[in-house]
Amino acid sequence: QVQLVESGGGLVQAGGSLDLSCAASGPVLRVYTMAWYRQAPGQQRELVAQITRGLVEDYRDSVKGRFTISRDNAMNIAYLHMNSLKPEDTALYYCSADIQPHGRENSRTYWGQGTQVTVSS
C-alpha cells in the first residue's frame, strides 16, 4: 500500500534550523502536489507550504522567507528546510501528497503520521 513517511523533526532553539523529509513508498505511479501541514495543540491543521510536480511553490505568509519546500520527483521525496525558527512554529508537522497508485485511474490524498517540531525560546 502507498505510504508517506516523514522524518527529521526534533527540538531546536529559536533562530535555529531543521530539515524535514517525506518519502512516498509502495505502488506509486505518479505523485502530484506534495505539501506540508502543521497542527499545534488546540489549533486547526494549517497548510505550511506546497509544491507541484512542476516545482511551483507556495507558502503561508508566516513562513515566507524562512521555509523552503523542495522535492525530488525521481525519488518521490519532499523536503522542508526551516530557517529562523520561532516558538510559534512548534507543532506536529504532516506531509501530504496527491498520489496515483499503480492500477488506479485517479489520484487521492495520502497523509504521513506526523513529525514533531519543537522550538524553544
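Quick note: structure is the one above.
Here goes a summary of the coordinates provided. All of these numbers come straight from a predicted model, not from anything done at the bench.

If you walk through the whole model with that rule in mind, you get one disulfide. At a sulfur-sulfur separation of 2.0 Å, the disulfide partner of Cys-22 is Cys-95. Taking the sign of the S-S torsion, about -75° here, the bridge from Cys-22 to Cys-95 comes out left-handed. With a gap of 73 residues between them, Cys-22 in strand β3 (residues 18–25) and Cys-95 in strand β9 (residues 91–101) connect regions that are remote in the sequence. Of the two residues examined, Cys-22 and Cys-95, each falls in the buried class.

Moving on, we come to unusual backbone geometry. Positive phi values are uncommon outside glycine, yet Asn-76 reaches one of about 55°. Within the secondary structure, Asn-76 sits in the loop between β7 (67–72) and β8 (77–82). When its relative accessible area of 17% is taken as the criterion, Asn-76 is described as buried. Within the chain, Ser-84 stands out as a residue other than glycine whose phi angle is a positive 50°. In this structure, Ser-84 sits in the loop between β8 and β9. Looking at Ser-84, the relative accessible area reads 39%, which means it is partly exposed.

About the thresholds
- Residues numbered from 1 in each chain as written.
- Predicted model: local features only at pLDDT ≥ 70, side-chain atom pairs only at ≥ 80, totals over all residues.
- Heavy atoms only, no water.
- Disulfide = S-S within 2.5 Å.
- Helix = DSSP H or I, 4+ residues; strand = E, 2+ residues; numbered from the N terminus.
- Buried < 20%, exposed > 50% of the residue type's maximum accessible area, 1.4 Å probe, protein only.

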